[in-house]
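# Examining the three-dimensional arrangement
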2 protein chains.
Amino acid sequence: MDIRTRLIDTAEQLFDRHGFTATGMDRLTHGAGISSRTLYKHVGSKNRLLAIVLDERDRRFMRSLASAVSLDDLFGALGAWFADEGARGCLFLRSWAETGGDVPEIVEAMTRHKARLRQRIEEIVEAETGRRDDELAESILLLVEGVTHAATYRGSATVDVALRAARRLVESAMV
Amino acid sequence: MDIRTRLIDTAEQLFDRHGFTATGMDRLTHGAGISSRTLYKHVGSKNRLLAIVLDERDRRFMRSLASAVSLDDLFGALGAWFADEGARGCLFLRSWAETGGDVPEIVEAMTRHKARLRQRIEEIVEAETGRRDDELAESILLLVEGVTHAATYRGSATVDVALRAARRLVESAMV
DNA sequence: CCCAATGTAAAACGATAACTTTACTCGTGC
DNA sequence: GCACGAGTAAAGTTATCGTTTTACATTGGG
């Protein structure tokens, strides 16, 4: 695996598990097995490293939803994500909050990700119901955001609750 | 206002707006207008200060829900909270994640708060529908958790979407 | 064959972190 | 009238922060 990939993977894990500010550069360099000089040649700064990590995470997350055309697919993918990666809340929102909304590159990475997520949910809702429905898409987004955070303290069974609630909302909107 | 209250209020604002780790002790002492010696006499450590802040926030938040007996009340109170305090995600989850789940007093404060919230939602659902319904309460919790985080990037109009979705879930459960 | 690129280790940078200590002031109650 | 508790300011402690720099090793291509 090449250095840059190894660095970004290490950083994503450390930022996710211990927090951005609490993760020092030494833990990043030791974790990735590189020198600090190499780290700075590759990513320039700690803030830029976080922005790159977020962009990479967005790509990976959206890829896991790429083939979803139903609520089952959507919440199935979410459940698989939590099982694989753990559930510690949304890393984009956490990064945005930890930096106080003061770092433009992180605000932008967060905004981009949330726009893509919202768009993707709209497509899935349209595939499931056969028509566009903004209000329905927005409430499914609320369930997705809700399960992302509730799963941290109520466990993975919450994904099934979210799926059943989403189905009911679709039914209720179909009448 | 007495020193301890002033300190806790200041700390809550700074932790919420800039993050826990990113807020230094000097900003806390200057913000509260006290010396560092006094701060440590009162709260002992930065971690204990955060735990105290969280307990106080929980009391205040639960008080704002104290008289709620309907979905309207519940989401009305949430909307008012966001309007008054801003929406930057759940401070309990953020504090828990920022400290990597490694600080017992913070894990406990988070767990206590979430248990109380879940309990309160169960009571409101029972008052609204006339019967206990665990599944329904859990899905309303998902909407509450969802709107808490989605409001940070989709604005306060999301509260109305959450309320309407909650109403539909109740209707759907009443059949 | 050697130059340029890419990496390393390790020291140094100034700033700041959380926290403690020293020395001093003040108002209150006995 | 003075002792004491509660506060202050400010320096000091030890440690770590993000970042840069210096000096050196390895390696692949013209």
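What you see is a predicted model; the values in this text were computed from it and never measured. (Residues numbered from 1 in each chain as written. Chains lettered and ligands numbered in written order. Predicted model: local features only at pLDDT ≥ 70, side-chain atom pairs only at ≥ 80, totals over all residues. Heavy atoms only, no water.)

Let us now look at the relation of the copies chain A and chain B. Each copy of the sequence occupies a distinct position, and chain A is placed on chain B by a rotation of 180° and an axial shift of 0.0 Å, giving an RMSD of 0.0 Å. The operation mapping one copy onto its partner corresponds to a two-fold rotation axis. For chain A, the minimum C-alpha distance to the rotation axis belongs to Gly146 of chain A and amounts to 1.8 Å. Interface overlap between copies: 100% of the residues of chain A at the interface are likewise at the interface in chain B, consistent with a symmetric, same-surface contact. (Least-squares fit on C-alpha atoms with pLDDT ≥ 70 in both. Contact = heavy atoms within 4.5 Å.)

Before going further, it helps to spend a moment on the pattern of salt bridges. One pass over the structure, following the stated rule, counts 37 salt bridges over all chains. Among the ionic pairs, Arg164 of chain A bridges to Glu135 of chain B, the shortest N-O distance being 2.7 Å. Of this pair, Arg164 of chain A sits in helix H9 (residues 158-174) while Glu135 of chain B sits in helix H8 (residues 134-154), which puts the two residues in different chains. With a closest N to O distance of 2.4 Å, Glu85 of chain B and Arg60 of chain B form a salt bridge. In this pair, Glu85 of chain B is assigned in helix H5 (residues 71-85) and Arg60 of chain B in helix H4 (residues 46-64), connecting sequence segments 25 residues apart. What you see here is one network of salt bridges that share partners, running through Arg118, Glu122, Arg132, Asp134 and Glu138 of chain A together with Arg154 of chain B. (Salt bridge = Lys/Arg side-chain N within 4 Å of Asp/Glu carboxyl O. Helix = DSSP H or I, 4+ residues; strand = E, 2+ residues; numbered from the N terminus.)

On to the packing of aromatic side chains, then. Per the stated rule, a full pass over the model turns up 4 aromatic pairs over all chains. The interplanar angle of 75° and the centroid separation of 5.1 Å between the aromatic rings of Phe15 of chain B and Phe20 of chain B together place this pair among those described as edge-to-face. Per residue, the accessibility class of Phe15 of chain B equals that of Phe20 of chain B, and both read buried. Lying across the ring of Phe20 of chain A, Lys46 of chain A places its NZ or CZ 4.5 Å from the centre. (Phe/Tyr/Trp six-rings, centres within 6.5 Å; stacked < 30°, edge-to-face > 60°. Buried < 20%, exposed > 50% of the residue type's maximum accessible area, 1.4 Å probe, protein only. Lys NZ or Arg CZ within 6 Å of the ring centre and 35° of its normal.)

Once that is clear, we can look at the protein's contact with DNA strand C. Near DNA strand C lie 17 residues; those nearest to it are Ser35, Arg37 and Thr38 of chain A together with Met25 and Lys46 of chain B. Those atoms of DNA strand C that come within 4 Å of the protein belong to sugar or phosphate at a rate of 62%. Lys46 of chain B is positioned with one of its side-chain polar atoms (N or O) 2.5 Å from a phosphate oxygen of DNA strand C. Those elements giving two or more residues to the surface near DNA strand C turn out to be helix H3 (36-43) of chain A together with helix H2 (25-32) and helix H3 (36-43) of chain B. The element best represented in the surface near DNA strand C is H3 of chain A, accounting for 4 residues. Counted by class, the surface near DNA strand C contains 4 nonpolar, 9 polar and 4 charged residues. (Near = heavy atom within 4 Å. Polar contact = N/O pair within 3.5 Å; in protein donor to acceptor, adjacent residues only side chain to side chain. Nonpolar A, V, L, I, M, F, W, Y, C, P; charged D, E, K, R; others polar.)

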